[in-house]
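Survey of secondary and tertiary structure
Single-letter residue listing:
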Amino acid sequence: MQDIVNETNCLEGKVILVTGAGAGIGKAAAFAYAQHGAEVILLGKTTKKLEQTYDEIEKAGYKQPAIIPLDLKGATEQNYIDMANTIISQFGRLDGLLHNASALGGIMPIDQYPLDMWNEVMQVNVTSQFMMTKALIPALKLAEKPSVIFTSSSVGRKGRAYWGAYSVSKFATEGMMQVFADEFEFHPIKFNSINPGATATRMRAKAYPAEDPNTLKQPADLMPLYVQLMSDVYTKTTQALDAQPK
Ligand code: NDP
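Figured I'd write up the structure that's included with this text. On a predicted model such as this, the values are computed, not experimentally measured, just so you know.

Thresholds applied
Residues numbered from 1 in each chain as written. Predicted model: local features only at pLDDT ≥ 70, side-chain atom pairs only at ≥ 80, totals over all residues. Heavy atoms only, no water. Helix = DSSP H or I, 4+ residues; strand = E, 2+ residues; numbered from the N terminus. Rg over C-alpha atoms; globule rule 2.2 N^0.38 Å. Phe/Tyr/Trp six-rings, centres within 6.5 Å; stacked < 30°, edge-to-face > 60°. Buried < 20%, exposed > 50% of the residue type's maximum accessible area, 1.4 Å probe, protein only. Lys NZ or Arg CZ within 6 Å of the ring centre and 35° of its normal. Pairing = 2+ DSSP bridges. Right-handed = clockwise from strand over helix to strand, strands pointing away. Axes fitted to C-alpha atoms, helices over the stretch in contact; angles between N-to-C directions. Contact = heavy atoms within 4.5 Å. Parallel < 35°, antiparallel > 145°, perpendicular 65-115°, else oblique. Left-handed = near helix turned anticlockwise from the far one by under 90°.

Along the backbone of the protein there are seven helices and seven strands. Secondary structure of the protein in N-to-C order comes out as β-α-β-α-β-α-β-α-β-α-β-α-α-β. Taken over the C-alpha trace, the protein has a radius of gyration of 17 Å; the compact-globule value for 246 residues is 18 Å, and the two agree within 12%. Over its C-alpha atoms, taken along the principal directions, the protein stretches across nearly 50 × 40 × 35 Å.

So, about the packing of aromatic side chains. Applying the stated criterion across every chain yields a total of six aromatic pairs. Aromatic pair Y113 and W118: ring centres 5.7 Å apart, planes at 85 degrees, arrangement edge-to-face. Note on Y113: relative accessible area 10%, which makes it buried. Under the relative-accessibility criterion, W118 is labelled partly exposed at 26%. Between R204 and the ring centre of Y208, over which it is positioned, the NZ or CZ distance is 3.8 Å.

It is worth spelling out the pairing of strand 3 (residues 66-69) at this point. As paired elements, strand 2 (residues 39-44) and strand 3 share four bridges and run parallel to each other. Paired with G44 across the strands is P69, a residue of strand 3. With helix 2 (residues 47-59) bridging strand 2 and the parallel strand 3, this β-α-β connection has right-handed handedness.

What follows deals with the sheet that holds strand 5 (residues 147-151). Pairing in this open sheet of seven strands is parallel, and the strands run 3-2-1-4-5-6-7 from one edge to the other. Strands at the two margins of the open sheet, each flanked by one partner only, are strand 3 and strand 7 (240-242). Each strand axis lies, on average, 20 degrees off the axis of its neighbour in the sheet, ignoring direction. Strands in contact with helix 2 are strand 2 and strand 3; relative to strand 2, the strand with the most contacts, it is inclined by about 160 degrees.

Attention now moves to the packing of helix 1 (residues 24-35) against helix 7 (residues 223-230). Close contact between helix 1 and helix 7 brings their axes to 10 Å; oriented N to C, the two are set at 55 degrees. Comparing the axis directions of helix 1 and helix 7 gives the class oblique. The chirality of how helix 1 crosses helix 7 is right-handed. On helix 7, the residues that touch I25, A28, A29, A32 and Y33 of helix 1 are M223, Y226, V227 and M230.

Structural data, given as structure tokens:
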């Protein structure tokens, strides 16, 4: 993977957890955070993909990452509590959390949307992020200037036909970000959301199979904002940001 943004050590000394770090935007974010000096914790469903991200980071000479294989679909509250305790005992704190992993579900009329698919999308995109953030608050409180980033979508800011549970889940993600941010207004943890915009990944290709991916931004192109929000230079909270100009 080529250099993403100017080499600086703005994330030096930070421990950052990235969900969905085995592919697409999450993989690029994990690499960019490592490139800027962070120790990254790679969380995702498919261990092989996480190992590929791990290998690329190690090959580039950045700090050795950690790997947490976890399927957000089936993970329980206790899994997240155990994970948080492991992070505190191994790293002493958590400086950054990027909620990136998501399920797309189906693109179809909402009155035909199957309930089991609806529940799965809500579990992966909303409930798992609630459980994980809740469990990790003690670890985030141990960091000096912690940052939590949620991943939104343009259909999480304006509803769109046929985007069903995914669209509703992204509205919920924005709401969750705002509730956490408001409750932690007087605490250094900042909570923000990023809408990546159309980006050439597997999820985008699934949603728009006829689209030419060469017409889209690559995940690496978005990384300046992802890095900035994790760094101490960004001090705002409750912001719903766009990684690409509209
Ligand atoms: P990808 O499909 O390329 O990557 C998604 C990642 O999430 C994969 O690493 C995948 O792991 C992981 N993941 C999915 N389900 C689970 C699960 N149950 N448990 C653990 N990990 C899981 O998608 P993108 O990179 O495109 O998407 C990243 C984020 O950006 C998402 O939140 C998406 O909604 C958002 N987004 C993307 C846009 C785009 O155009 N690409 C536009 C707007 C928003 P595995 O590979 O192992 O399945």
